[in-house]
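Geometric and topological summary
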Amino acid sequence: MKLFPQNIPAFAALFMFMIAESPTSVAAKGFLVERRGSIRGSLDASSFERELNTALGEALGSGGSADLERRLAEVQQRLAPIWSTLPKNGAGNVERRSLRYLVHRHFSRQSALQIRGFEPSRPANASGWGSDDILAQRVPAFVEAFLESNHKLERGFNLGDAARVVATIEQLIFDFEGSVLQKVYEDQRKPLSRSLSRQGMEQLLESYMVRWMLGEDEEGIRVLSKDPKLLRESIPHWDQIVSFANGQAKALDYRRQQSPTAALAAGEARPGHNTLAPKYSFEDVHGVVGGITKSFASFWDSECRSMKSTLVDMDTHHTGRVPLSKFYSHGLDTEWRFGESEEYLRDLGALDETSLRGKQVIIPNYIQATSNCIISSQHYLVCCVNDCEGLLEEIESSIGAPTAEPGQILAVVGNVSSFSTSLDEEPPKLQGSLTTQLMQIAAAHGGQVPLHGRLFAQWLHYAFPRECPFPHKTGAVAALTPSEFGERYLASSEDMNKHAAEANATDLSAATLQREDLHWMSQWSAEEELIADCASMGLRAPWELRSGVYALVGMALLLVVSALGFGSSSFVRKGAADAGLLPHHGKAHFV
């Protein structure tokens, strides 16, 4: 986490801020490296698939081809809703950029994990894979022979390929957790072959949580492990965290008791390690900690909800933004969390500096910022649940295609059920300026709105300003943890007090204004970014329009907007109004 009560020793507070980036990782699956020359693009398609599945089966530790096929089928089923809406080429496959985007969205939706190197804020191109992501670091041969093979570059990636990538990352994360657990065994001088009692496993899990949360800060781990009182003061809700970890162990006991045959088939039970003989091997504990990673964000969600609720209470105009003055004022008066420096907030993409009201903190961008990720490891971060994913899931499931007409989107968005679970009491107000914006996005794309474009993500942000993050242009912001950003991540007391002194004046000046009067959409940017080339979607981008057909469609849509009397463009930043709402489009890509 971030700021802690001032009565806690400075070095104790620093433990959480300086979460180390990497416990020693287990070695990558060597067979993928050793098979370096065996799965080249020179193979024919069937040989390529056969070789790849053999290597992947070894990497995943599957018991055979049937186990591998079942596991990949499960992953494909999870990917299917997003996959159905991705833009595809003539062969029904996706580009590398779309594959990266799919992987990021999958882990964010499933477990609120941000996989290193897959962040949408990172620039990427069509011909290169990230050098710092988990795949490139741990299985370079897999990247070179599969993700960068001529075979895949020419044909694209299918759903099975996407499942292979996700399954491989899941296994690498699981192996990483095993290396952390192995270190805990070594700390406690327990042989890996020793079976543990229930009490012994609980002691091990508590030590594991300390090491998992503090990473390679060996001195911090040593001090906190010897001082339970300091441990509780340094890590928020420590007792509840321990109870959560033990609850994962109880879940294993429950599966052994209620479904002994299934537990036996899954390797969670065996002679001497079952309901009648409650013993736990290293593999059993490894399975428990794997479950902790997958479900920790759900457990921690109450803390994220509390933080969001506080920000929402300060958002009196329902803009999804809180004046920086109120943000710091609350941090000084009651909250130990709201203390990131203005520079760090800007770097995180959580600061809006375009408003007439002055600088504002963007609520969903702040909640999703890496400064609020509770776990930061070498390969992934565990962050707050992204509320926008639930909305996107409904939209994508209802539309089931890469693009849609504005009327279809408005009908779906106006009836999303997941919005009823949010903290916002007001349904989205789609008529007026938001309808105008959506129509003009469609006009720029020949009458269709790309669901995976930056402009639609931006439109969703203004439709659900407290749930969906504002999508900055690729490369404009960075996903740095406090320790990566450096010592300037915290605002000084002087700066916080300076901003806080303006809080009352800000409230008074805006008290009588309505949301539209605040120019609340001043951050709107007209630059589009797509995750795939427009040609692969059967569309022409605005800069490629050569036919009068698209222009006529766009003009017709604008005439409809005018005839219906939707809104005005009064919220557009000064200087852009004369050129229209969408005066310029770029060619950059999301991922």
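Right, let's walk through the structure included here. (Residues numbered from 1 in each chain as written. Predicted model: local features only at pLDDT ≥ 70, side-chain atom pairs only at ≥ 80, totals over all residues. Heavy atoms only, no water.)

The next point concerns the overall build of the protein chain. A count of helices and strands for the protein chain gives 26 helices and eight strands. Taking as baseline every contact in the protein chain between residues at least 6 positions apart, the subset at least 24 positions apart corresponds to 75%. Summing over all exposed atoms, the protein chain offers an accessible surface of approximately 24,600 Å²; the carbon and sulfur share of this is 51%. (Helix = DSSP H or I, 4+ residues; strand = E, 2+ residues; numbered from the N terminus. Contact = heavy atoms within 4.5 Å. Areas by Shrake-Rupley, 256 points an atom, 1.4 Å probe, with all protein chains shown as cover.)

The next subject is the nonpolar core. Of all hydrophobic cores here, the largest spans 91 residues; its most connected members are W212, V285, I292, F296, F327 and Y366. Ranked by residue count, the leading element in this core is helix α9 (residues 159–187), at 14 residues. Residues contacting W212, with those up to four places away along its chain left out, are V180, I292, T293, F296, I375, Y380 and V382. Residues C388, V412, C468 and W524 belong to the second largest nonpolar core, which totals 31 residues. (Core = buried A, V, L, I, M, F, W, Y, C linked by side-chain atoms within 4.5 Å. Buried < 20%, exposed > 50% of the residue type's maximum accessible area, 1.4 Å probe, protein only.)

Taken as a whole and judged by the stated rule, the model has 17 aromatic pairs. With a centroid separation of 5.9 Å and 15° between ring planes, the pair formed by F456 and W459 is classed as stacked. With a gap of three residues between them, F456 and W459 both fall in helix α22 (residues 454–463), about one helical turn apart. The pair formed by F456 and W459 is uniform in burial state, with each residue classed as buried. (Phe/Tyr/Trp six-rings, centres within 6.5 Å; stacked < 30°, edge-to-face > 60°.)

Further remarks concern the pattern of salt bridges. Using the criterion set out here, one finds 30 salt bridges in the structure. The partner of E389 in a salt bridge is R105, with the nearest N and O atoms 2.6 Å apart. Linking E389 in helix α19 (residues 387–399) with R105 in helix α5 (residues 96–111), this pair joins segments that are 284 residues apart in sequence. One continuous salt-bridge network, built from bridges that share partners, spans D301, R305, K308, D387 and E467. (Salt bridge = Lys/Arg side-chain N within 4 Å of Asp/Glu carboxyl O.)

The next subject is the environment of M213. Considering the arrangement of structural elements, one finds M213 in helix α10 (residues 198–214). For M213, a relative accessible area of 0% gives the class buried. Spatially, the C-alpha atom of M213 lies 7.4 Å from that of S376, the residues being 163 residues apart in sequence.

Here R164 is to be found in helix α9. Side chain to side chain, R164 and D161 meet in a polar contact 2.7 Å long. (Polar contact = N/O pair within 3.5 Å; in protein donor to acceptor, adjacent residues only side chain to side chain.)

Two measures define how a pair of helices packs: the angle their axes make with one another and the distance between the axes. Between α5 and α9, the least distance of the axes is 10 Å, while the angle of their chain directions is 50°. In terms of orientation, α5 lies oblique with respect to α9. Two packed elements cross with a definite hand, and for α5 against α9 that hand is right-handed. When α5 is examined against α9, the residues L99, L102, V103, H106 and F107 are found in contact with a partner set consisting of A162, V165, V166, I169, E170 and I173. A class-by-class count of the residues in the contact of α5 with α9 yields nine nonpolar, one polar and one charged. (Axes fitted to C-alpha atoms, helices over the stretch in contact; angles between N-to-C directions. Parallel < 35°, antiparallel > 145°, perpendicular 65-115°, else oblique. Left-handed = near helix turned anticlockwise from the far one by under 90°. Nonpolar A, V, L, I, M, F, W, Y, C, P; charged D, E, K, R; others polar.)

So, about empty space enclosed by the protein. Applying the stated criterion across every chain yields a total of eight cavities of 30 Å³ or more. Quantified by volume, the largest cavity comes out at close to 870 Å³. Around the largest cavity, the lining is made up of 39 residues, and of these H104, P120, N386, P469 and F470 lie nearest the centre. For the lining of the largest cavity, the secondary-structure elements that each account for two or more residues are α5, α19 and α22. If one sorts the elements of the lining of the largest cavity by residue count, α5 sits on top with four residues. Residue composition of the lining of the largest cavity, by class: 21 nonpolar, 14 polar and four charged. (1 Å grid on protein atoms, 1.4 Å probe; cavity = no way out; pocket = protein on both sides within 12 Å on 5 of 7 lines; lining within 4 Å. Points joined across faces, edges and corners; volume = space filled by probe spheres on them.)

Moving on: the state of the cysteines. What the rule picks out here adds up to three disulfides. Each sulfur of the disulfide joining C304 and C384 lies 2.1 Å from the other. The S-S bond linking C304 to C384 shows a torsion near -80°; that makes this disulfide left-handed. Taken together, the positions of C304 in helix α15 (residues 282–314) and C384 in the loop between β6 (380–382) and α19 put the pair 80 residues apart, joining distant regions of the chain. (Disulfide = S-S within 2.5 Å.)

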